[in-house]
Amino acid sequence: QVQMVESGGGWVQAGGSLRLSCQASGRTFSKYAMGWFRQAPGKEREFVGAIMWSGGSTLYSDSVKGRFTISRDNAKNTWFLQMNSLKPDDTADYYCAAGLRLSSNPAYFFSWGQGTQVTVSS
């Protein structure tokens, strides 16, 4: 059974930065994509970005490209979402997920963390 634990959420002013972490356990992740999604109040879950565990290929949504960066620490089974130049529109609950392929489609992701809240004030 895969377990995912997120950390690093919080409150920040617009223009600031936060780094989210997601530590996974219970499986070897070398064949998987590790993703980040977010969900704002009253909105559907939205893809943020993802990284292949092996090779490090990445995929980002247009709304965060150039501002957010995903990286990973294979030795610690942990991946990160570095968020810079944050905007109030980035306010949401952020979820990490393990997936079968590098995709923006949440249907390909089979294991999800519990979420961490990010609030960006103007």
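Quick notes on the rules
Residues numbered from 1 in each chain as written. Predicted model: local features only at pLDDT ≥ 70, side-chain atom pairs only at ≥ 80, totals over all residues. Heavy atoms only, no water. Phe/Tyr/Trp six-rings, centres within 6.5 Å; stacked < 30°, edge-to-face > 60°. Helix = DSSP H or I, 4+ residues; strand = E, 2+ residues; numbered from the N terminus. Lys NZ or Arg CZ within 6 Å of the ring centre and 35° of its normal. Pairing = 2+ DSSP bridges. Axes fitted to C-alpha atoms, helices over the stretch in contact; angles between N-to-C directions.

Caption draft 1: Quick look at the packing of aromatic side chains. Considering all chains together, one arrives at 6 aromatic pairs under this definition. With centroids separated by 5.1 Å and ring planes inclined at 65°, the aromatic side chains of Y32 and F110 adopt a geometry described as edge-to-face. Residue Y32 is found in the loop between β3 (18–25) and β4 (33–39), and its partner F110 is found in strand β10 (residues 109–112); the two are separated by 78 residues along the sequence. Through a chain of ring-to-ring contacts, three or more aromatic side chains come together here, namely F37, F47, F109 and W112. In this arrangement the basic side chain of R19 is found over the ring face of F80, its NZ or CZ atom lying 4.2 Å from the centre.

Caption draft 2: Region of the structure containing the sheet that holds strand β7 (residues 68–73). Read from one edge to the other, the open sheet built from 4 strands follows the order β1-β3-β8-β7, with strand pairing classed as antiparallel. A single partner strand is all that each edge strand has here, and the edge strands are β1 (3–7) and β7. The average angle at which neighbouring strand axes cross in this sheet is 15°, direction not considered. With 5 bridges joining them, β1 and β3 adopt antiparallel strand pairing.

Caption draft 3: Just the pairing of strand β11 (residues 116–121), in detail. Relative to β11, strand β2 (residues 10–13) is paired through 4 bridges, and the arrangement is parallel. Residue pairing for β11: Q13 is matched across the bridge by S121. Pairing analysis gives 3 bridges linking strand β9 (residues 92–99) to β11, with the strands arranged antiparallel. In the sheet register, Y94 faces β11, and the bridge partner there is T116.

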